[in-house]
Structures are given as C-alpha cells and as structure tokens.
Amino acid sequence: MSDDASALHDSPGARLASLVERRWATISLLVIVIFVAVAAFAGIHQAAMPQARVEMVSPTRLHLGGEFVETNLGSAVEPDGTVTVRALGQQYSFTPQCMIVPTDTLITFRAASPDVIHGFLIEGTNVNTMLVPGYVSTIHVRFERPGDHLMPCQEFCGVGHEGMWAKVRVIDRAEFLKMAETKPRLTCVE
Ligand code: CUA
C-alpha cells in the first residue's frame with residue numbers, strides 16, 4: 001500500500017465512514033431479521049390457533065340428545081328467514097343423505113362427526129371444511145339457482161371413504177317454504 005493510500009485509509013474521515021457503513025449494515029440486517037421473525041410468528045401463530053369462534057360438542061353423545069339428535073337433523077327455517085341445515089358425517093355416510101335448501105336464502109350448515117375427521121365439501125360452491133370430532137363446523141352459503149350438488153367426503157376417513165357422499169338439492173324458495181309449513185325438519189331423502 002502506498003503512503004498516500006494508507007494515509008487515506010487511516011484518516012479520521014475514512015474511519016468514520018467505515019464505522020457508519022458497518023452500523024447501517026447491522027441495522028439493515030436487523031430490519032430483515034425482524035421482518036422474517038414477524039412473518040414467521042404471524043404465520044405460525046395463526047396456524048396454531050383454533051378458529052375465532054369454536055363450538056365444542058361431545059362426539060360420543062351426539063346421537064343421545066342435543067342439537068344433533070336424529071330428529072333435529074335436516075333443514076329448518078329460522079325466525080329471521082334464514083335456513084339452518086344440521087348434519088352428521090360418520091363412517092361412511094352423511095345424515096341426511098340428501099339435504100334440501102332454498103334458493104336466494106342465507107343457508108347455515110352446522111355439522112359434526114361422532115367418529116373420525118370427515119370432509120364437508122359442496123361441489124360448485126366454496127363450501128369446503130372438515131368435520132372434526134368434538135367440534136361443530138359452521139359454514140354459510142347462498143345458492144342462486146335450483147339444482148343438485150354432490151357432496152363427497154374429501155378427507156380420507158377409512159376403507160369406506162370412497163363411498164361416502166351426500167347430495168344438496170337446491171329448490172325454489174317459495175316451494176321450500178311451502179314444504180316447511182308442514183314439516184319442521186326437511187330432507188330430500190327418499
Ligand atoms: Cu368420510 Cu372420507
């Protein structure tokens with residue numbers, strides 16, 4: 001190194017410059033580390049947390065009483081005009097096997113499983129959730145047009161998984177309300 005260069009390198013100005021540079025390098029690294037930590041925390045925290053509103057139900061007592069007793073399954077018109085459909089998914093069927101709902105109505109599906117995890121998916125809609133033993137799965141949907149939708153179980157639940165499916169039948173709202181006048185719980189099981 002020439003005398004001039006080493007003089008320049010050792011000058012107070014150069015030392016200050018390299019000090020400032022190192023400080024900023026540290027700060028920018030810290031900023032990156034903080035961002036990564038925040039993103040990791042947010043992701044892991046969210047994934048590890050249960051849903052904001054969790055309803056629990058004893059899987060071994062579902063059939064004995066309460067909301068998911070057999071006579072309470074199917075579609076019911078609520079006082080506010082919405083429709084609640086209660087269903088069970090168990091190895092290897094859904095009850096009711098055919099669920100009936102009206103068009104242009106807020107539908108609330110409430111479903112549970114007494115045995116293992118099943119899938120609750122309605123084709124042609126964004127309904128896609130899991131039935132986890134011990135919890136009530138609640139999902140809202142609205143159907144615009146009449147028609148049938150297949151509802152295959154989409155979580156592997158055992159040897160009969162492939163054959164586990166149900167159907168959601170959407171019918172005209174007026175027709176549905178007329179049927180509901182005579183029966184408190186509706187299904188389209190034949
Ligand atoms: Cu139930 Cu797969």
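So, here is what we can say about the structure in this document.

**Points about the state of the cysteines**
Reasoning step 1: Under the definition given, this model contains 1 disulfide.
Reasoning step 2: Between Cys-98 and Cys-188 runs a disulfide, and the two sulfur atoms are separated by 1.9 Å. Looking down the S-S bond of the Cys-98 and Cys-188 bridge, the torsion is -90 degrees, so its handedness is left-handed. With Cys-98 in strand β4 (residues 98-102) and Cys-188 in the segment after α3 (173-182), the pair connects residues that are 90 residues apart, well separated along the chain.
Reasoning step 3: Judged by relative accessible area, which is 5%, Cys-98 ranks as buried.

**Focus: the nonpolar core**
Reasoning step 1: Core analysis: the largest hydrophobic core is formed by 30 residues, its most contacted members being Phe-94, Met-99, Phe-109, Phe-120 and Phe-143.
Reasoning step 2: With residues near it in sequence (within four places) discarded, Phe-120 still touches Phe-94, Phe-109, Ala-111, Val-127, Asn-128, Thr-129, Leu-131, Met-151 and Gln-154.
Reasoning step 3: Core analysis: the next-biggest nonpolar cluster, separate from the first, contains 6 residues, Leu-62, Leu-73, Leu-88 and Ala-112 among them.

**Section: a nonpolar patch on the surface**
Reasoning step 1: Taken together, Leu-16, Leu-19, Val-20, Trp-24, Ile-27, Leu-30, Val-31, Ile-34, Phe-35 and Val-38 make up a surface patch of nonpolar side chains, about 970 Å² in accessible area.
Reasoning step 2: Relative to the elements of secondary structure, Phe-35 occurs in helix α2 (residues 12-48).

Reading guide: rules and limits
Residues numbered from 1 in each chain as written. Predicted model: local features only at pLDDT ≥ 70, side-chain atom pairs only at ≥ 80, totals over all residues. Heavy atoms only, no water. Disulfide = S-S within 2.5 Å. Helix = DSSP H or I, 4+ residues; strand = E, 2+ residues; numbered from the N terminus. Buried < 20%, exposed > 50% of the residue type's maximum accessible area, 1.4 Å probe, protein only. Core = buried A, V, L, I, M, F, W, Y, C linked by side-chain atoms within 4.5 Å. Contact = heavy atoms within 4.5 Å. Patch = residues over 30% accessible without salt bridge, like charges linked within 9 Å, V, L, I, M, F, W, Y side chains within 5 Å. Areas by Shrake-Rupley, 256 points an atom, 1.4 Å probe, with all protein chains shown as cover. Salt bridge = Lys/Arg side-chain N within 4 Å of Asp/Glu carboxyl O.

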